[in-house]
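# Structural description and commentary
For reference, the chains in residue letters:
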Amino acid sequence: MTHAASSPAPETVPQQRPSGQPFLSVRDLLVHFPTVDGVVKATDGLSFDLARGKTLGIVGESGSGKSVSSSTILGLQRGTRAIVKGEILLDGTDLLSISDEQMRLRRGRDVAMIFQDPLSAMHPYYTVGNQIGEAYMVHHDVSKKAARARAIEMLDRVGIPQPDRRVDDYPHQFSGGMRQRAMIAMGLINDPGLLIADEPTTALDVTVQAQILDLLQDLQREFNSAIIIITHDLGVVAEMADDVLVMYAGRCVEYGPTKEILTQPQMPYTWGLLSSVPDVAGDTESRLVPIPGNPPSLLNPPSGCAFHPRCAHLDKVPGNLCRTDLPDLTPATTGGNHVKRCHLVHPEDVWAKEVLPEIAPELAEQNQEPTA
Amino acid sequence: MRRIFAGVIMLILMSLVTYVLFFSGGLHPERAACGKNCSPAQWEQTKKALGYDKPAVVQWGEFLKGTVAGRTYPEDKALAKANPSLVSTCPAPCLGYSVVNTTNVSTEVKTAFPVSFSLAILAFIMWIVGGVFFGVIAALRRGTVVDRGIVGVSLIFYAFPTFWIGLFFLKFFAIQWQIFPVPSYVNLTDSPLAWLGNLVLPSLTLALIYMAGYVRMTRAFVLESFGEDYLRTARAKGLPNRRVLVKHSLRASLTPIVTMAGLDFGALVGGAIITESVFNYDGLGALAVDSVRTLDLPTIVGLVVVLAAFIILANIVVDILYAVIDPRVRLG
Ligand SMILES: Nc1ncnc2c1ncn2[C@@H]1O[C@H](COP(=O)(O)OP(=O)(O)OP(=O)(O)O)[C@@H](O)[C@H]1O
Ligand code: SF4
Ligand SMILES: [Mg+2]
């Protein structure tokens, strides 16, 4: 708190935002939860950048720290015993060093979040319009009536039919897809620069999923917002994301442009994720290979590379390196800003010769032909 | 409507059970009326005069009829004819005539009810306000000294016997320090201020027992609501903490509290026996104790019906409130 007190108001902070600096820049984010059983290392050393109008996909198994990392951007861990370190620069302001009240004023206005299960994410006792309007009123000095009008406008914008009537419905009177539309309306009502969508379609059936993703893309174009989309579904990533960040055991294990991550991944865990997607390359012969083993405990992560107990390729790394040394995030052989966390020296060869033929034989043949 | 109907059926059955159980217990309610030196012949005569010679079910039938059509006493028609001056009437809805107290049961209830009801309603307000207030504070300060202090103190009050707390209040607040009057019931219509002043100590005694449960319940439900997704949504909107607590968390915690409170209140009207006797209040609880001691069957049956009706009513009110609070109940 001493920090907040001694730091000047945000207006007087010199504009330290070189033209090249991205809209959102997360640097070395660490989120640990001290518990009776020990420290849960939910997020460790996470870094990524995101520009306005762009989408970052965060993928990873259950419990890999996706939700924790993203809700930390909203400051939702404030007031808990969580230990948070690093920097979250939004438009040049470090969200981790501003006061609780300043963070609250940004929440919902500069950064908004929509959640996985729209039924439990809405209060069962208040109308949809009340809850959406409330999100507007807290950041705008307007009357209830004006907030309601604005809520109707947003409901209309997200494709709710007869919004002037549905605005007075309760969440349980909406269908699942409509509820998620309403949540999106609530999230975007203040035109936030950054929207975090935590598995926005997981609870919905497939046709509705596609509609919601379309809607998000439409709105992103209209509002020019940056979106972080968290998902288990690489299909969602393929459709939505410009960049992908793969998380494993609280760490980033691979990060880069979506196209490269999906076609030239360089880390065995990402290979595993791709193998467990039925149809990522549009290939009907591909085999569904789930990753063997269970996600690691964040209380007691495995030594060295956290993925080593489940990795099929650690024998290709000399010595016992995978078990003893945590690999650094290093540039991938594809270059650019593609990075991976793995000791393999020639992951691109292993991918082309061993993994791809296994999961997508057709694709592998196409790739081989020119060289053969 | 259906619930009211079911409630009435239940009341009828409960009165039947009371009659049957009473007589199957081999009790002789006419004994007291007969006097100390009661010869067997006199005994029989009294029994007949009071109508206790008939089978329990028949007596029950007459009771039911009386609630609709009213009754006259004594039951024995020949006796009534012989001594017209003895006849007393009990207009509908007649709950019976108490020989022990020589008055109609409905009159007894009418006198005692305001006492118990005043006590219950004031205690109710105290424990709800106190319970919710301290429960919320404990939840907000969970794990701290404040939290443990609140829960601990409320448990102490819960653990101490009512009569002890009552006597303690009486001795110190009323007699020693004279902050409050030594309680005796004053009618609300006579003097609202005296009514209230006299009720403070007894209601507080009663409230303290219930408060412990409500502190813990409120604390638990508020903490539970903190883990709900919709509370996270409320915070993610940027709502101030107070608004998150009052509008989102408390509203959700209210449902179970209202349910419990309604039922507790219904039961309390007739159940404040100890408090009423400590403070010498002639309420329904005191009346119930006396009627059982003197085997005053009409009063017992009358109280069973009135108190059960109150509990059933409380249940119905809770159901209605439920629908008011929760739109999922209201709108299906
Ligand atoms: N407040 C907390 N205290 C202790 N541990 C926590 C807390 N919040 C989250 N965790 C732990 O942090 C880890 C990461 O959780 P997180 O919710 O970020 O996973 P996730 O990647 O979003 O998983 P999912 O796909 O199931 O949503 C989990 O092991 C979780 O148990
Ligand atoms: S570092 Fe070793 S264990 Fe970890 S993913 Fe790479 S090869 Fe597998
Ligand atoms: Mg999650």
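Residues numbered from 1 in each chain as written. Chains lettered and ligands numbered in written order. Predicted model: local features only at pLDDT ≥ 70, side-chain atom pairs only at ≥ 80, totals over all residues. Heavy atoms only, no water.

## Describing the nonpolar core
Leu24, Phe48, Ile73, Leu194 and Ile228 of chain A are the most contacted members of the largest nonpolar core, which totals 72 residues. Residue contributions to this core reach at least three from each of two domains, namely domain 1 (21-64 + 78-241) and domain 2 (251-371) of chain A. Apart from residues no more than four positions distant in its own chain, Ile73 of chain A is found in contact with Leu24, Val26, Phe48, Ile88, Leu95, Met103, Val111, Leu194, Ile196 and Ile228 of chain A. Judged by nonpolar contacts, the second largest core, of 58 residues, contains Val105, Ala112, Ala272 and Leu287 of chain B. (Core = buried A, V, L, I, M, F, W, Y, C linked by side-chain atoms within 4.5 Å. Buried < 20%, exposed > 50% of the residue type's maximum accessible area, 1.4 Å probe, protein only. Domains from an automatic or database assignment. Contact = heavy atoms within 4.5 Å.)

## Focus on the UniProt feature "domain: ABC transporter" (unreviewed entry) in chain A
The residues that UniProt annotates with the feature "domain: ABC transporter" (unreviewed entry) are residues 24-274 of chain A. Note that residues 24-274 of chain A is 37% helix and 27% strand, and that its end C-alpha atoms are spaced 28 Å apart. (UniProt positions renumbered as here; feature names shortened; annotations may be inferred. Helix = DSSP H or I, 4+ residues; strand = E, 2+ residues; numbered from the N terminus.)

## Describing the confidence of the model for chain B
All names here are of chain B. Of all residues in chain B, 100% have pLDDT values of 70 or greater, and the mean over the chain is 86. Summarising per-element confidence for chain B, the mean pLDDT is lowest in helix α2 (residues 30-34) (74) and highest in helix α10 (residues 229-236) (94). The ipTM, which scores confidence in the relative placement of chains, is 0.84 for this predicted complex, and the corresponding pTM is 0.82. (pLDDT = per-residue confidence, 0-100.)

## Observations regarding the site of ligand 2
Taken together, the neighbourhood of ligand 2 is formed by 13 residues, with Cys305, Cys311, Cys322, Cys342 and His343 of chain A sitting nearest. The class makeup of the residues in the shell around ligand 2 is 11 nonpolar, 2 polar and no charged. (Near = heavy atom within 4 Å. Nonpolar A, V, L, I, M, F, W, Y, C, P; charged D, E, K, R; others polar.)

## Structural notes on the domain arrangement of chain A
Residues and elements named next belong to chain A. You can read the domains of chain A as domain 1 (21-64 + 78-241) and domain 2 (251-371). Using C-alpha coordinates to define each centre, domain 1 is positioned 30 Å away from domain 2. Each side of the interface is counted separately: domain 1 has 22 residues, and domain 2 has 15 residues. Here domain 1 packs against domain 2, burying approximately 1500 Å² in sum over the two surfaces, 61% of which is carbon and sulfur. At the surface where domain 1 touches domain 2, the tally comes to 2 salt bridges. A salt bridge links Glu61 to Arg310, with the shortest nitrogen-to-oxygen separation between them at 2.9 Å. For the pair domain 1 and domain 2, the number of links is 5 residue pairs in polar contact (both at pLDDT 80 or more). Those elements giving two or more residues to the side of domain 1 that touches domain 2 turn out to be β2 (38-50), β3 (55-59) and α9 (234-240). In terms of residues, the side of domain 1 that touches domain 2 owes the most to one element, β2, which gives 10 residues. (Buried area = accessible area lost by both parts, 1.4 Å probe. Salt bridge = Lys/Arg side-chain N within 4 Å of Asp/Glu carboxyl O. Polar contact = N/O pair within 3.5 Å; in protein donor to acceptor, adjacent residues only side chain to side chain.)

## Quick look at the packing of helix α11 (residues 241-271) of chain B against helix α14 (residues 297-325) of chain B
Residues and elements named next belong to chain B. Remark: α11 packs on α14, axes separated minimally by 8 Å, with the N-to-C direction vectors making an angle of 170°. On the basis of the axis angle, α11 is roughly antiparallel to α14. Viewed along their axes, α11 and α14 form a crossing whose handedness is right-handed. Where α11 abuts α14, its residues Arg251, Thr255, Val258, Thr259, Gly262, Leu263, Phe265, Gly266, Ala267, Val269 and Gly270 lie against Leu307, Phe310, Ile311, Ala314, Asn315, Val318, Leu321, Tyr322, Val324 and Ile325. For the contact of α11 with α14, the residue count by class is 14 nonpolar, 6 polar and 1 charged. (Axes fitted to C-alpha atoms, helices over the stretch in contact; angles between N-to-C directions. Parallel < 35°, antiparallel > 145°, perpendicular 65-115°, else oblique. Left-handed = near helix turned anticlockwise from the far one by under 90°.)

## Some words on the pairing of β2 of chain A
Residues and elements named next belong to chain A. The pairing of strand β1 (residues 24-35) with β2 spans 9 bridges and is classified as antiparallel. Bridging across to β2, Leu24 finds its partner in Leu50. Between β1 and β2, which pair antiparallel one after the other, the connecting turn spans 2 residues. (Pairing = 2+ DSSP bridges.)

## Observations concerning the side chain of Asn104 of chain B
Residue and element names in this part refer to chain B. You can see Asn104 is positioned in strand β4 (residues 103-104). In this structure Asn104 comes out as buried when scored by relative accessible area, which is 13%. In terms of polar contacts, Asn104 uses its side chain to reach the backbone carbonyl oxygen of Thr89, at 3.4 Å. Non-local contacts of Asn104, meaning those with residues more than four positions away in its chain, are made with Thr89, Cys90, Pro91, Gly96 and Tyr97.

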